[in-house]
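Structure assessment
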Amino acid sequence: AIALNMPSSLVRVGTLEDSQALATVALETLNQQLLKTEWLAGGREPTICDIACYAYTAMAGDGGLSLESYDAIKRWMNNIMGLDGYIEPPEKK
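The following refers to the structure shown. (Residues numbered from 1 in each chain as written. Predicted model: local features only at pLDDT ≥ 70, side-chain atom pairs only at ≥ 80, totals over all residues. Heavy atoms only, no water.)

**Let's talk about the nonpolar core**
Nonpolar side chains in soluble globular proteins generally cluster together in the buried interior. Selection rule: Residue types Ala, Val, Leu, Ile, Met, Phe, Trp, Tyr and Cys, when buried and joined through side-chain atoms within 4.5 Å, form a set referred to as a nonpolar core. Each residue is assigned to one of three classes by its accessible area relative to the maximum for its type, calculated with a 1.4 Å probe on protein chains only: buried under 20%, partly exposed between the two thresholds, exposed over 50%. Each helix is a run of DSSP H or I of at least 4 residues and each strand a run of E of at least 2, with the numbering of both proceeding from the N terminus. Residue contacts are counted whenever heavy atoms from the two residues lie within 4.5 Å of one another.
Judged by nonpolar contacts, the single largest core of 15 residues is most densely connected at L27, L30, L34, L67, I73, W76 and M77. Every element with two or more residues in this core is listed here: helix 1 (16-36) and helix 3 (71-81). Tallying contributions element by element places helix 3 first for this core, with five residues. Once residues lying within four places of it in the same chain are set aside, the contact partners of L27 are T57, L65, L67, Y70 and I73.

Encoded structure:
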């Protein structure tokens, strides 16, 4: 059984700047992959990997990060938004 009241050794509290630095590494890695492939898993069709990563990537601005310099990510996001059944996220209030 897992003790839910004990903190994981994998979790640490950091600063906003720490989180932004980690997110920047993730965005750079994502962009590098998308420079090589249209979709994250490398196939000709999107997979659950694309859908799962899109939600976090689309919220980068909420964390103070810009996607402006990530052309491959912007192309990929446009491709996802063009998929049949795509639903825009709700507006913030």
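**Examining the environment of Y54**
Topologically, Y54 is positioned in helix 2 (residues 48-58). Y54 gets classed as buried once you look at its relative accessible area, which sits at 10%. Considered as a pair, Y54 and I73 are 19 residues apart in the sequence and their alpha carbons are 9.4 Å apart. Beyond its immediate stretch of four places on either side in the chain, Y54 contacts W76, M77, I80, M81 and Y86.

Remember that the coordinates give geometry; whether it matters functionally is a separate question.
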